[in-house]
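Residues per chain, in single letters:
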Amino acid sequence: MNQDELKQAVAHAALAYVVEDSIVGVGTGSTARMFIKALSGMKDRITGAVASSEDTRKRLEGHGIRVFDLNEVSELPVYIDGADEINPGLHMIKGGGGALTREKIIAAVAKTFVCIADESKRVNVLGAFPLPIEVIPMATAHVARAMVDLGGSPVLREGFRTDNGNLILDVHGLQIVDPVGLETRINHIVGVVSNGLFARRPADICLLGTYSGVQVLSAH
């Protein structure tokens, strides 16, 4: 099996966590795109979806799945999304696709957060993947200096704007041994909209695609 086949395996496994006759939260990225394709096969058994990005919204609608604004939704049984890295505590780095803020909002609302990932995303310590931070444009230099003080090497993501109209700093060189603490600390920097650490609200379950099959992981 190649990496795409591992992603397809976890995308299909995630269908078991979709609650029929309800709304499902859907993430952004290559694995989430495969989940959208799989979800289209049961679109008549769900009410619709909430999208974490404009790209996801377009893809859902392209498959005939009704998309709701999160403000219209009183409860969200499950949110299904990928990760750029995930550790044994199911803390994640997300935001390689730039949708981290909307992803984090949907994750906060969802009763259950299911991460779907291939085994290349599993790490013991987060940080090899650069940590994305969404920033208000006028605060970019200020936030970058603050991240240098925290031991990181921030790089502006060139030619990119988030769906919220903001910029992304990708912070290299971090070894994140306290994901919850660092997430909180970064969020207290003025000008930060959100950061790509999903530690205060980690995944509840990770469906990990491995060459020996899909493993179901819970936090430990």
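My aim in this report is to walk through the structure given alongside it, one point at a time. Per-chain numbering applies: the sequence of each chain, read as written, is numbered from 1 onward. Note on the predicted model: pLDDT of at least 70 is required for a residue's local features to be given, and 80 or more for side-chain atom pairs to be given and counted; whole-chain, interface and lining totals, by contrast, use all residues. The side-chain figures draw on all heavy atoms in the structure; neither hydrogens nor water molecules are used.

## As for the sheet that holds strand 1 (residues 23-26)
Note the cut-off: By the convention used here, strands pair only if DSSP detects at least 2 bridges between them. Going along the chain from the N terminus, every DSSP run of H or I of four or more residues is numbered as a helix, and every run of E of two or more is numbered as a strand. Contacts were defined at the residue level, with two residues in contact if any of their heavy atoms lie within 4.5 Å. To get an axis, a line is fitted to the C-alpha atoms, and for a helix only the part in contact is used. The angle between two axes follows their N-to-C directions and goes from 0 to 180 degrees.
The sheet built from seven strands is open, its strands ordered 3-2-1-4-7-13-14 with mixed pairing. Of all strands in the sheet, those bounded by a partner on one side alone are strand 3 (67-68) and strand 14 (213-217). The sheet contact formed by strand 4 (residues 76-81) and strand 7 (residues 110-118) spans five bridges and is parallel. From the neighbouring strand, Asp81 faces strand 7, where its bridge partner is Cys115. Lying on the sheet, helix 2 (residues 30-39) is in contact with strand 1, strand 4 and strand 7; it crosses strand 1 at an angle near 155°.

## Observations concerning the sheet that holds strand 11 (residues 192-195)
Think of a sheet as strands paired side by side through backbone hydrogen bonds, with each pair either parallel or antiparallel. Spatially, the four strands line up as an open sheet ordered 9-10-8-11, and their pairing is antiparallel. Of all the strands in the sheet, just strand 9 (153-156) and strand 11 have a single pairing partner and so form its edges. Taking each pair of neighbouring strands and ignoring which way they run, the sheet shows an average axis angle of 30°. Judged from the three bridges that link them, strand 8 (residues 131-135) and strand 11 form a sheet pairing that is antiparallel. Among the inter-strand pairings, Glu134 is bridged to a residue of strand 11, identified as Ser194. Along the sheet face, helix 4 (residues 100-109) touches strand 8, strand 10 (167-172) and strand 11 and points at about 70° away from the line of strand 11. Strand contacts of helix 6 (residues 179-187): strand 8 and strand 11, with the helix running at about 165° to strand 11, the strand carrying the most contacts.

## Quick notes on the pairing of strand 1
How we decide: Residue burial is assigned from relative accessible area. The probe radius is 1.4 Å, only protein chains are included, and a residue is buried under 20% of its type maximum, exposed over 50%, and partly exposed in between. Here, the term right-handed applies to a crossover whose path from the first strand over the helix to the second runs clockwise when the strands point away from the viewer.
Covered by surrounding structure in strand 1 are Ile23 and Gly25 together with Val24 and Val26, the residues of both alternating faces. In this view, the connection linking strand 1 to its parallel neighbour strand 2 (residues 48-51) by way of helix 2 has right-handed handedness. Pairing of strand 1 with strand 4, which is carried by three bridges, proceeds in the parallel orientation. Looking across to strand 4, one finds that Gly25 is bridged to Tyr79.

## Notes on the packing of aromatic side chains
So the rule is basically this: Only rings of Phe, Tyr and Trp enter the pairing, Trp through its six-membered ring, and a pair is recorded when the two centres are within 6.5 Å. The plane angle decides the type: under 30 degrees is stacked, over 60 is edge-to-face, the rest tilted. Whether a charge lies above a ring is judged from NZ of Lys or CZ of Arg, which has to be within 6 Å of the ring centre and within 35 degrees of the ring normal.
Taken as a whole and judged by the stated rule, the model has one aromatic pair. Relative to Phe113, the ring of Tyr79 has its centre 5.0 Å away and its plane inclined at 35°; by these criteria the two rings are tilted. Placement of Tyr79 in strand 4 and of Phe113 in strand 7 is noted, with a sequence separation of 34 residues between them. Among the residues examined, Tyr79 registers a relative accessible area of 0% and is labelled buried. The residue whose ring lies beneath Lys94 is Phe198, and the NZ or CZ to ring-centre distance is 5.4 Å. The ring of Phe160 carries the charged tip of Arg157 above its face, separated from the ring centre by 5.2 Å.

## Re the nonpolar core
The test is simple: To qualify as a nonpolar core, a set must consist of buried Ala, Val, Leu, Ile, Met, Phe, Trp, Tyr and Cys residues joined through side-chain atoms within 4.5 Å.
Residues Val50, Leu76, Met92, Phe113 and Cys115 are the most contacted members of the largest nonpolar core, which totals 23 residues. Secondary-structure elements contributing two or more residues to this core are strand 4, helix 4, strand 7 and strand 13 (205-210). Here this core gets four residues from one element, more than from any other, and that element is strand 7. Counting 22 residues, the second-largest nonpolar core is a separate cluster that includes Ala14, Ala49, Ala51 and Leu60.

## Re the pattern of salt bridges
Note the following rule: Each reported salt bridge corresponds to a side-chain nitrogen of Lys or Arg within 4 Å of a carboxyl oxygen of Asp or Glu.
Evaluated as defined, the whole model comprises 11 salt bridges. Each of Glu54, Arg57, Glu61 and Arg102 takes part in a single network of salt bridges with overlapping partners.

## Regarding the environment of Lys111
Structurally, Lys111 can be placed in strand 7. Residue class for Lys111 comes out exposed when judged on its relative accessible area of 70%. In this structure, the C-alpha to C-alpha distance between Lys111 and Asp204, residues 93 residues apart in sequence, is 9.2 Å. Excluding residues within four positions of it along the chain, Lys111 makes contact with Leu76, Pro77, Arg201 and Asp204.

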